[in-house]
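# Structure at a glance
As a plain string of letters, each chain reads:
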Amino acid sequence: MNRQRKRIVVKIGTSSLILPNGKVNLRTIDRLAYTLSTLCNDGHEVILVSSGAIGAGLASAGYTSRPTEIAKQQALAAMGQMELMRIYSQRFLDYQTKVAQVLLTRDVLTFPISRQHVLNTFEVLLSQGVVPVVNENDTVAVDELDHHTTFSDNDELSAMVAVHLNADLLIVLSDIDGFYDQNPNQVADAKLIPEVKELTPTMKAAAGGSESGLGTGGMFTKLRAAQAMMEAGKQMVLCNGKNPTYILDVVAGKKIGTKFG
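Predicted model, so just to flag it, every value in this text is computed and none were measured.

### Comments concerning the overall build of the chain
Looking only at helices and strands, one finds ten helices and ten strands in the chain. The C-alpha atoms of the chain give 17 Å as radius of gyration, which agrees with the globular expectation for 261 residues (18 Å, within 12%). Scored against the burial criterion, the 261 residues of the chain give a buried share of 50%. Within the chain, counting contacts between residues at least 6 apart in sequence, those at least 24 apart form 72% of the total. Surface summary for the chain: the accessible area is close to 12,500 Å², and the carbon and sulfur share equals 51%.

### Description of the pairing of strand β3 (residues 99-104)
Of the two faces of β3, only one is covered, namely that formed by A100, V102 and L104; the face formed by V99, Q101 and L103 stays uncovered. Sheet topology places β3 next to strand β4 (residues 131-136); six bridges connect them, and they run parallel. Note on β4: the bridge partner recorded for Q101 is V133.

### Overview of the UniProt feature "binding site: substrate" (unreviewed entry) in the chain
With numbering aligned to this structure, UniProt lists the feature "binding site: substrate" (unreviewed entry) at S51, D138 and N154. The greatest C-alpha distance among the residues just named is 10.9 Å, despite their covering 104 residues of sequence, which places them together in space. Considering the arrangement of structural elements, one finds S51 in the loop between β2 (45-50) and α3 (53-61). When sequence neighbours within four positions are dropped, the list of residues in contact with S51 reads K11, I12, G13, T14, L17, L84, N135 and N154. Counting through the fold element by element, D138 comes out in the loop between β4 and β5 (143-144). Overall, the relative accessible area of 23% leaves D138 in the partly exposed class. Ignoring sequence-local partners within four residues, the contact set of D138 consists of A53, Q74 and A77.

### Things to note about the packing of α3 against helix α4 (residues 70-94)
Two elements in contact, α3 and α4, have axes whose closest approach is 6 Å; the angle formed by their N-to-C orientations is 90°. Relative to α4, α3 is oriented roughly perpendicular. Facing α3, whose interface residues are A53, I54, A56, G57, L58, S60 and A61, α4 presents Q73, L76, A77, M79, G80, Q81 and L84. Looking at the contact of α3 with α4, its residues break down into nine nonpolar, five polar and no charged.

### Some thoughts on the confidence of the model for the chain
Residue-level pLDDT values for the chain average 88, and 90% of them are 70 or greater. Within the model, the stretch residues 209-217 combines pLDDT values under 50 with 21 contacts to residues more than four positions away or in other chains.

Rules used in this analysis
Residues numbered from 1 in each chain as written. Predicted model: local features only at pLDDT ≥ 70, side-chain atom pairs only at ≥ 80, totals over all residues. Heavy atoms only, no water. Helix = DSSP H or I, 4+ residues; strand = E, 2+ residues; numbered from the N terminus. Rg over C-alpha atoms; globule rule 2.2 N^0.38 Å. Buried < 20%, exposed > 50% of the residue type's maximum accessible area, 1.4 Å probe, protein only. Contact = heavy atoms within 4.5 Å. Areas by Shrake-Rupley, 256 points an atom, 1.4 Å probe, with all protein chains shown as cover. Pairing = 2+ DSSP bridges. UniProt positions renumbered as here; feature names shortened; annotations may be inferred. Axes fitted to C-alpha atoms, helices over the stretch in contact; angles between N-to-C directions. Parallel < 35°, antiparallel > 145°, perpendicular 65-115°, else oblique. Nonpolar A, V, L, I, M, F, W, Y, C, P; charged D, E, K, R; others polar. pLDDT = per-residue confidence, 0-100.

See the structure below:
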């Protein structure tokens with residue numbers, strides 16, 4: 001592994017955290033906790049941006065599909081966020097790593113004073129070896145008139161956190177191996193693009209929306225996150241979240257998934 005100290009943001013999506021039957025994917029979370037704890041032990045600073053609150057809430061409440069009413073979605077997020085943090089806290093402690101919950105809305109990062117306060121909080125947590133577990137505050141985040149509190153999804157949130165914290169690397173774990181020239185779920189001979197130095201209109205046209213039915217993002221939002229990182233002079237890697245131990249290979253500089261920047 002590269003021994004140079006790095007500040008790393010890892011984003012994991014709902015499709016990686018929630019099984020097709022709606023249950024929480026405990027194996028993935030355990031591997032994620034092991035991997036991020038290993039990075040911390042190796043001297044890196046790690047921030048985890050985790051989706052999955054509403055997905056976990058669906059399982060907890062016994063729902064079979066995501067409701068359309070905002071109030072019900074926010075109630076599920078409140079239930080699911082608590083369940084996720086319980087599991088994260090338990091699994092990370094198994095590897096002698098402490099975690100802390102940080103729930104954000106867009107306006108917190110938009111207004112300079114609140115942004116500085118939350119960045120100060122991140123810095124203290126990281127200096128103490130704590131892994132901040134970040135998610136959008138889905139229970140209160142809504143868009144009303146000119147009060148814009150929501151992120152488009154957690155891809156955008158992870159990129160904003162990474163840029164504001166001057167992270168060296170953003171790793172986005174998804175249900176796909178990387179960025180392809182065509183949709184691999186629809187085109188059999190789609191080719192993985194191992195490295196992207198510049199996002200072209202053709203690449204953006206190849207991006208689509210969310211297909212899992214649980215998350216809110218898709219390839220287009222991941223490309224926007226990659227663009228934000230590249231504009232900040234940083235790197236982003238998109239790879240499959242099925243086995244989070246791949247993160248160790250990414251940090252070691254091995255060619256995993258697609259590297260942007």
